[in-house]
Amino acid sequence: MILVGSKRYKMNNFIQLSNMLSNIGQYRNINHLTETFNPSYPVLFPGQGSQFVGMATKLCDNYPIAKDMFSQASQILNINLLELCSKGPKELLNSTKYSQPAIYVASLAAMEVYKHHNEHAIYINPPTVALGLSLGEYTALCYCGVFSFIDGLYLTKTRGEEMQKACDLSPGTMVVVVGVDIKNLLNKCQEIRLKMKKFVYIGNYLGPQQYVLSGDIDAVDAVLSNIIKDDINNSIKITKLSVSGAFHSPLMKTAQYNLENVINNTQFSYPQIPIIMNVNGNVIGTGTDNENERINTIEMIKANLIKQLTMPVQWEKSLHTLLSGTSITTTITSEHIIGNTSGIEATQLGACQYTPLIVDPRFKLAYEVGPGNSCSSTLKRVFRRGKVISYDCI
């Protein structure tokens, strides 16, 4: 049973997950932990691809605190970050090396400005839970007090640099596909992997029938070709992302080592408000006075950030968690292996199996803070009546 507000609902996703896994792998035991939190005023932070030339220009012109944050970042990055965001060139801003810290700084600068002005809703009703898309997870963690602005800048700098190296070593691509059945897409990915002996996976579960393919360029193209061939109604939409590699796929494996070293040598603290993690869509940091539990939560955050590089982003499940005020953690006590996928496919299939959306009546208003409106648009796709205020970084 799951408690939402004052009502209880039956949970059937555990049965679905167990049945799915029994067909694609072996497992010894499955444990479930349910946690609740206050979903009234969530804040969402965007990820890479949301950057644009002109970003944060007016923000820094009008608010010294925002300009000061960019100045600090420029010294660490050894580049005039504000000038890059304001004037480009676009190709340099879009590079993984610079776009990641740029979005991180711009988003936090916007948050720092808006949260202190009493005419804004985010000042009147501060966020009760945080969520960030891919890179945006680092922004969310900084906002939650897990690490400092400067430490987060070093982390995103390292992440961007290591992912850029991985991109140069193994060129890849990412493409948004809208209007395709999830099982059909997973099957086609597996067919192409077996046929071409190359990588192509779902790198992000954005929303209902909205997914991001990630992998080798020719393998992704082959999957898209097969999808288009079957699309007799011309209902599938395909959009290439402005990124320079196959993020959230095994092609990012080489980026994990140095990032892990930096993460493990960075001071992390227990979150001041709950945060929903990308790799599983579960909430952590719901509050505890037990020191061992607090330490375990911090270690879990670190592990999730490292996994996030090569694992798919469970964004749709994260939004379900956010709107329902309830997080269900499923622990499987054995490794699942399908062919040469090392459990990735099992994780992807299992993550698709969760209950229909149940919105907690306490949910009032969501905030998106950062460039663009990618987070709010996906939330609207999951819950059309959801109210969102976007605090952009113009």
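Further up the page is the structure itself.
The structure displayed is predicted, hence computed values, not measured ones.

Draft legend 1. Fine view of helix α13 (residues 291-308). In this model, α13 (18 residues) spans 26 Å end to end at C-alpha, consistent with the 26 Å of a helix rising 1.5 Å per residue. Structurally, α13 contributes buried residues whose contacts are with α8 (136-143), α9 (149-169), α12 (256-264) and β11 (283-284). One side-chain oxygen of the residue at the start of α13 lies 2.9 Å from the amide nitrogen of N292, identifying that residue as N290.

Draft legend 2. Representation of the pairing of strand β4 (residues 42-45) in the model. Side chains P42 and L44 of β4 all project onto a buried face; the interleaved residues V43 and F45 project onto the opposite face, where all are buried too. In this structure, β4 lies alongside strand β5 (residues 129-132), joined through four bridges in parallel fashion. Paired with V43 across the two strands is A130, which belongs to β5. Pairing geometry for β4 and strand β13 (residues 366-369), over two bridges, is parallel. Note that in β13 the partner of V43 across the bridge is Y367.

Draft legend 3. Inspection of the sheet that holds β13 at higher detail. Read from one edge of the open sheet, six strands run β11-β10-β5-β4-β13-β14, paired in mixed fashion. With one partner strand each, in any of the chains shown, β11 and β14 (388-391) form the two edges of the open sheet. Relative to β11, strand β10 (residues 275-276) runs antiparallel, the two being bridged by two bridges. Residue pairing in the sheet places I275 in a bridge with I284 of β11.

Draft legend 4. Spotlight on the packing of helix α14 (residues 315-324) against helix α16 (residues 374-382). Packing of α14 against α16 brings their axes to within 10 Å, and their N-to-C directions diverge by 75 degrees. Our classification of the angle between α14 and α16 gives roughly perpendicular. Of the residues in α16, those touching α14 at W315, E316, L319, H320, L322 and L323 are C375, T378, L379 and V382. The residue makeup of the contact of α14 with α16, split by class, is seven nonpolar, two polar and one charged.

Draft legend 5. Molecular detail of helix α10 (residues 182-196). For α10, spanning 15 residues, the distance from its first C-alpha to its last is 21 Å, which sits close to the expected 21 Å at 1.5 Å a residue. Within α10, burial applies to I182, L185, L186, K188, C189, I192 and R193. For α10, the angular spread of the buried residues around the axis is 165 degrees, confining them to a single face. Within α10, the exposed residues directed more than 90 degrees away from the buried face are L194 and K195. Put simply, D181 is the residue that caps the front of α10, since its side-chain oxygen is 3.2 Å from the backbone nitrogen of K183. Once α10 ends, the next one or two residues include K197, with phi positive near 60 degrees.

Draft legend 6. The packing of aromatic side chains, seen in detail. On inspection of all chains with the given rule, the structure shows nine aromatic pairs. With 5.8 Å between their ring centres and 5 degrees between their planes, Y104 and F149 make a pair best called stacked. Of the two residues, Y104 is situated in helix α6 (residues 96-114) and F149 in helix α9; the sequence distance between them amounts to 45 residues. We note that Y104, like F149, is buried. Ring centres of Y114 and Y391 lie 4.8 Å apart, and the angle between their planes is 40 degrees; on these two criteria the pair is classed as tilted. Here Y114, found in helix α6, pairs with Y391, found in strand β14; they are 277 residues apart in sequence, far enough to count as distant. Each member of the pair, Y114 together with Y391, is buried. Among the aromatic residues, ring-to-ring pairing joins Y41, Y114, Y367 and Y391 into one connected group.

Cut-off values and rules
Residues numbered from 1 in each chain as written. Predicted model: local features only at pLDDT ≥ 70, side-chain atom pairs only at ≥ 80, totals over all residues. Heavy atoms only, no water. Helix = DSSP H or I, 4+ residues; strand = E, 2+ residues; numbered from the N terminus. Expected span 1.5 Å × (residues − 1). Contact = heavy atoms within 4.5 Å. Polar contact = N/O pair within 3.5 Å; in protein donor to acceptor, adjacent residues only side chain to side chain. Buried < 20%, exposed > 50% of the residue type's maximum accessible area, 1.4 Å probe, protein only. Pairing = 2+ DSSP bridges. Axes fitted to C-alpha atoms, helices over the stretch in contact; angles between N-to-C directions. Parallel < 35°, antiparallel > 145°, perpendicular 65-115°, else oblique. Nonpolar A, V, L, I, M, F, W, Y, C, P; charged D, E, K, R; others polar. Arc of directions from axis to C-beta. Phe/Tyr/Trp six-rings, centres within 6.5 Å; stacked < 30°, edge-to-face > 60°.

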